[in-house]
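Each chain, letter by letter, is given below.
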Amino acid sequence: MFICAVSLALFWMAAFTLWWQMHAWRTPETLASTRFDRPDGGGRLAFSLLLPARHEQAVLEHTIERLLESSHRDYEIIVIVGHDDPGTAEVAERAAARAPGLVRVITDHNEVKNKPKALNTALPHCRGDIVGVFDAEDQVHPELLSHVDHAFRATGADVVQGGVQLINFHSSWYSLRNCLEYFFWFRSRLHLHAEKGFIPLGGNTVFVRTEVLREAGGWDPNCLAEDCDLGVRLSSAGKKVVVAYDSDMVTREETPGSLVSLLKQRTRWNQGFLQVYRKKDWQRLPGRGQRWLARYTLMTPFMQATSGVVIPVNFAVAVLLDVPVGIAIVTFLPMITAMVTFVFEVVGLHDFGRQYGMRVRFTHYAKLVAGGPFYQVMLAGAAIRAVWREQRGRSDWELTSHTGAHLAGALASAATGRDSAVGGPAPTHVSASVTSREDSHQ
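Just so you know, these numbers come straight off a predicted model, no measurement behind them. (Residues numbered from 1 in each chain as written. Predicted model: local features only at pLDDT ≥ 70, side-chain atom pairs only at ≥ 80, totals over all residues. Heavy atoms only, no water.)

1. A few points about the overall build of the protein chain
Point 1. A tally of regular secondary structure across the protein chain gives 17 helices and 9 strands.
Point 2. For the protein chain, with 442 residues in total, the buried portion stands at 61%.
Point 3. Carbon and sulfur atoms form 60% of the exposed surface of the protein chain, whose accessible area is close to 17,400 Å². (Helix = DSSP H or I, 4+ residues; strand = E, 2+ residues; numbered from the N terminus. Buried < 20%, exposed > 50% of the residue type's maximum accessible area, 1.4 Å probe, protein only. Areas by Shrake-Rupley, 256 points an atom, 1.4 Å probe, with all protein chains shown as cover.)

2. Details of the sheet that holds strand β3 (residues 103-108)
The strands making up a sheet associate through hydrogen bonds between their backbones, and the pairing can be parallel or antiparallel.
Point 1. Here we have 7 strands laid out as an open sheet, ordered β3-β2-β1-β4-β7-β5-β8, and mixed in their pairing. Every interior strand has two partners, whereas the edge strands, β3 and β8 (241-243), have only one. When the angles between neighbouring strand axes are averaged without regard to direction, this sheet yields 20°.
Point 2. Direction of pairing for strand β1 (residues 47-52) relative to strand β2 (residues 75-82): parallel, over a ladder of 6 bridges. Bridge pairing links proline 52 to isoleucine 80 in β2. (Pairing = 2+ DSSP bridges. Axes fitted to C-alpha atoms, helices over the stretch in contact; angles between N-to-C directions.)

3. Looking at the nonpolar core
One broad trend across soluble globular proteins is that nonpolar side chains are buried collectively.
Point 1. Grouped together as the largest cluster of nonpolar side chains are 50 residues, with contacts concentrated most on Leu50, Leu201, Val208, Trp219, Leu349, Phe352 and Tyr356.
Point 2. The dominant element in this core, judged by the number of residues it contributes, is helix α8 (residues 173-196), at 9 residues.
Point 3. Not counting residues within four places of it along the chain, the set of residues in contact with valine 208 comprises Asp129, Ile130, Val131, Phe152, Asp158, Val159, Leu213, Leu230 and Leu234.
Point 4. In this structure, Phe47, Leu67, Phe152 and Ala244 belong to the second largest nonpolar core, which totals 35 residues. (Core = buried A, V, L, I, M, F, W, Y, C linked by side-chain atoms within 4.5 Å. Contact = heavy atoms within 4.5 Å.)

4. Examining the pairing of β1
Point 1. The buried count for β1 comes to 6 of 6 residues, which makes it a mostly enclosed element.
Point 2. Note that β1 and strand β4 (residues 130-133) share 4 bridges and pair parallel. When the sheet's bridge partners are listed, leucine 49 is paired in β4 with glycine 132.

5. A short note on the pairing of β3
Point 1. Across 6 bridges, the pairing between β2 and β3 is parallel. Each bridged residue has a counterpart across the sheet, and for isoleucine 80 the counterpart in β3 is isoleucine 106.
Point 2. Crossover handedness for the path β2 to helix α5 (residues 86-98) to β3: right-handed. (Right-handed = clockwise from strand over helix to strand, strands pointing away.)

6. As for the packing of aromatic side chains
Point 1. For the structure shown, the criterion picks out 17 aromatic pairs.
Point 2. Their ring planes at 85° and their centres at 6.0 Å tell us that tryptophan 173 and tyrosine 174 sit as a pair that is edge-to-face.
Point 3. Cluster of aromatic residues (ring-pair linked, three or more members): Trp25, Phe169, Phe183, Phe184, Phe344, Phe352 and Tyr356. (Phe/Tyr/Trp six-rings, centres within 6.5 Å; stacked < 30°, edge-to-face > 60°.)

7. With respect to α5
Point 1. For α5, built from 13 residues, the straight-helix expectation of 18 Å at 1.5 Å per residue is met to within 8% by its first-to-last C-alpha distance of 18 Å.
Point 2. Looking only at α5, the buried set comprises Thr88, Ala89, Val91, Ala92, Ala95 and Ala96. Down the axis of α5, the buried set is contained in an arc of 160°. They therefore lie on one face. Among the exposed residues of α5, those pointing more than 90 degrees away from its buried face are Pro86, Glu90 and Ala97.
Point 3. On its buried face, α5 sits against α4 (60-68), β2 and β3. (Expected span 1.5 Å × (residues − 1). Arc of directions from axis to C-beta.)

8. Description of the pattern of salt bridges
Point 1. Under the counting rule described, the total for this entry stands at 22 salt bridges.
Point 2. Residue lysine 239 is joined to glutamate 215 by a salt bridge in which the shortest nitrogen-to-oxygen separation is 3.9 Å. In this pair, lysine 239 sits in the loop between α10 (226-236) and β8 while glutamate 215 sits in helix α9 (residues 210-215), placing the two residues 24 residues apart along the sequence.
Point 3. Here lysine 239 falls in the partly exposed class, since its relative accessible area comes to 23%.
Point 4. Using a relative accessible area of 61% as the deciding quantity, one classes glutamate 215 as exposed. (Salt bridge = Lys/Arg side-chain N within 4 Å of Asp/Glu carboxyl O.)

9. Points about unusual backbone geometry
Point 1. In this model, histidine 55 sits at a positive phi of 55°, which is unusual for a non-glycine residue.
Point 2. As for its placement among the helices and strands, histidine 55 is situated in the loop between β1 and α4.
Point 3. With a phi angle near 55°, threonine 205 is a residue other than glycine that sits in the positive phi range.
Point 4. Of note, threonine 205 is situated in the loop between α8 and β7 (206-209).

10. A few points about the environment of arginine 94
Point 1. Of note, arginine 94 is situated in helix α5.
Point 2. Accessibility expressed as a relative area gives 36% for arginine 94, which makes it partly exposed.
Point 3. Note: C-alpha distance between arginine 94 and valine 105 (11 residues apart in sequence) is 9.9 Å.
Point 4. There is a polar contact of 3.3 Å between the side chain of arginine 94 and the side chain of glutamate 61. (Polar contact = N/O pair within 3.5 Å; in protein donor to acceptor, adjacent residues only side chain to side chain.)

Right, dumping it as structure tokens:
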């Protein structure tokens, strides 16, 4: 009976998650309504763009140059570097010397380094009306600030969350799935959260009114998902969050360079969600539906960890033990949602290729399907590791390194002329379906 109960629970969780994941496809009017409107000419808001960078000398310079191409008239770039990271500091100082008045460098002297502490170090130095956050490897569209400026003024928003897209889908079998996760999250699932009034914010391409951010006390310096935590606190305080997605305007990024790096990144996000759940700020959300959505979203790591243990047991029970046919059938129920999800992912990959001008070949579809079970094992492993670390009190920040794979992809695309040459909690599954965030995370 226990196995049957768990199978039914996994089936319904996966079904709900798949339904939410298909939100933009089910309600195309939602997606259309959240596109950026055409700017009305001339920005009126001033931006302070925070760019935390740690051991990012390989990609930082390109990111700063890209930000300096912005068409907006009023912005500053604040690069935050650690006192013990001379390589990155040298790149940042060089950029500041080339663009005085536009680029400033702030040094983070915290002994224990992490992203929220770096952001909090820079917050008192922000002069703009709006604080925007980017990561050191981001490729930002030159027109983005003008569109965000208009979005703030047109909607009266306190927060504008823009789109982020991993772009180097061709790099490895797991990068293909990683890119698709971002596509589903920013193109679809995030709009559902905005509609419901509970949104775990992403870690970059997020813009917050400076006074709202200071009133909220900045970022939680000890949270491993500081972006999600900020979104929960601002949602609970009734602040207006607007999601704006346009495939031409997304910030482009690269996937982690190795499977181990991806495992650590996903562990950090999962553990961060558990920390936010334990803080209980989500309980201050005004609506019961909002609180249920928050509880479900933030507990996803627990569900993923459970599925990682239970699904193999279920499979073994169904195949190896002599059980009644009815029980065997029930244990296979999660497979139904898994199959439907695979079909949806194939359609999503085709849509991803069309929207971003990427040539998706048959081998990519084959890798997507064949790699699905192995990717789920990785996700379940990351969730189990997150729960284990949280229980052990381990909360050190495992840095995700970047190599510029998305830049190489863009250059290669430009050379072939076939793919897009423009250069940008997370979303995953239980039983191939239960979605968590992404980095948004960062």
